[in-house]
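# Working through the structure, step by step
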Amino acid sequence: MQAEREEEEEDASPEEYVALCDFTASGSEQLSFITGDKLLVHNKSSADWWWAELEGVIGYVPASYLRPDAAEEGEDASLEDPWQDDEYFGSYGTLRLHLEMLSDRSRTETYRQVIVSNSASLRNKVVMDLGCGTGIISLFCAQLAQPSVVYAVEASSMAEHTRQLVKQNGCEEVVTVLQGRAEELELPEQVDILVSEWMGNCLLFEFMVESVLLARDRWLRDGGVMWPSSAALTLVPCQADSYYTEKMAFWERPYGLDFTPLQPLAQQEFFTKPKFSHLIDPEDCLSAPCDVICLNMYTVQEMKGEFQFCVEKPGVFHGFTAWFTVQFESLETGGATVELNTGPNSEPTHWKQTLFMLDRPIHVYAGDSVHGNIILSRNSVWRRHMTVTLHWNINSSTDDCQVGTKSFPMWR
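Residues numbered from 1 in each chain as written. Predicted model: local features only at pLDDT ≥ 70, side-chain atom pairs only at ≥ 80, totals over all residues. Heavy atoms only, no water.

Residues of helix H11 (residues 263-270) that are buried include every one of Gln263, Ala266, Gln267 and Gln268, and no others. Contact partners of the buried residues in H11: strand E3 (49-54), strand E4 (57-62), helix H10 (241-247), strand E17 (353-364) and strand E20 (402-410). (Buried < 20%, exposed > 50% of the residue type's maximum accessible area, 1.4 Å probe, protein only. Helix = DSSP H or I, 4+ residues; strand = E, 2+ residues; numbered from the N terminus. Contact = heavy atoms within 4.5 Å.)

Okay, here's the thing in structure tokens:
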């Protein structure tokens, strides 16, 4: 395989790319670099990982962390759209994602429950539904409460269809559909309630929350309410035996042949990025979960947190699983808070959970301690991308302390 790669490198001239942000290798096959480094890309092995060279050292690098050298391309890199709005809003201009979201009954019914339980207090209030999509939350407000007006804001071309749905459901006297980005939004008045379904995988992926915070600062009146009002990212150390068997152990003896030389490549391809849409069996949790990042939507703190887990049963520590919870405070005095939980002990949602696999599984035992921290870092250039970095220490009565660090790029 090495000979084949060398032949390919000789056949094609390497292309020069510039690093958009820092990347730390998590294995011997990967190549570390920092922002601004110039790399020679010899082989675009896949859509996600390329074979590149930096100062005579060769290894795999994540393709989304690089851009063509502006000097080579003769273009100003600043002309790139760091928010990737055309792609992002384009994906919400078709029905595929809306079908997925509307089919998620846990998600949609939670928002309806929030409206119903606060219907009396919503009377004559001004509401903004940011990123309204097909307008389902706006329609709930109009039909189940009596707000004076609902501003349904949608940046994608779906807004044209949302206007039709508002009229079709007899809500045009209450709901006003506005097409545009939050950053360009102009309203005739401030709002009493800002509601949005902004959450992404691992809570913050795609960073729609930034648009919500901008709208909050510009349009939410003093004393106004945000829905969700708070959010938490939850983490648990876990087993993932079936996934590990499917992606890694498979290469040990397929059809009676030794394919173990492919295991480093399998680790590189399948375990360096998080696994979205993971459904963890509660029995695979090695300890009680804990909230590692808690957000108050009126302030919003740093995107990092610490964890301390006590292993409750012997097992194989394959990685960490994450999910989120959001809370909706009541407008009623003494009213109950409504919660949407995307964890394994709740009704499944379209987000499911997110799995972060270690490079190698570790045997753990009851009483072992797993502690460390998690950092969610936004890409310095591509604003909807982020990296999740986990640092962990395992203190065991049977082995020496084991320490690990791994970064997981999350990109569109």
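The next point concerns unusual backbone geometry. A cis amide bond links tryptophan 227 to the next residue, proline 228, at an omega of -5°. Its place among the elements puts proline 228 in the loop between strand E10 (220-227) and strand E11 (230-238). For serine 277, which is not glycine, the phi torsion reads 55° and is therefore positive. Note on placement: serine 277 falls in strand E12 (residues 275-278).

Another aspect to go through is the confidence of the model for the chain. In this model, the chain carries a mean pLDDT of 90, and residues with pLDDT of at least 70 account for 92%. This model gives residues 72-79 a pLDDT under 50, and the stretch forms five contacts once residues within four places in sequence are excluded. (pLDDT = per-residue confidence, 0-100.)

It is worth spelling out the pairing of E11 at this point. Buried residues dominate E11, accounting for eight of its nine residues. As paired elements, E11 and strand E13 (residues 290-296) share six bridges and run antiparallel to each other. Within E13, the position partnered with leucine 235 by the bridge is cysteine 290. Looking at chain direction, E11 and strand E15 (residues 315-328) are connected through nine bridges and run antiparallel. By the bridge assignment for E15, leucine 235 is matched with alanine 322. (Pairing = 2+ DSSP bridges.)

Quick look at the sheet that holds strand E7 (residues 149-154) now. If you trace the five strands from one edge of the open sheet to the other, you get E8-E7-E6-E9-E10, paired in parallel fashion. Among the strands making up the open sheet, the edge pair consists of strand E8 (175-179) and E10. Strand-to-strand twist in this sheet, taken as the mean axis angle between neighbours without regard to direction, amounts to 20°. Relative to E8, E7 runs parallel, the two being bridged by five bridges. Residue pairing for E8: alanine 152 is matched across the bridge by valine 177. Against the sheet, helix H9 (residues 209-219) engages strand E6 (126-130), strand E9 (191-196) and E10, with an angle of about 150° to E10. (Axes fitted to C-alpha atoms, helices over the stretch in contact; angles between N-to-C directions.)

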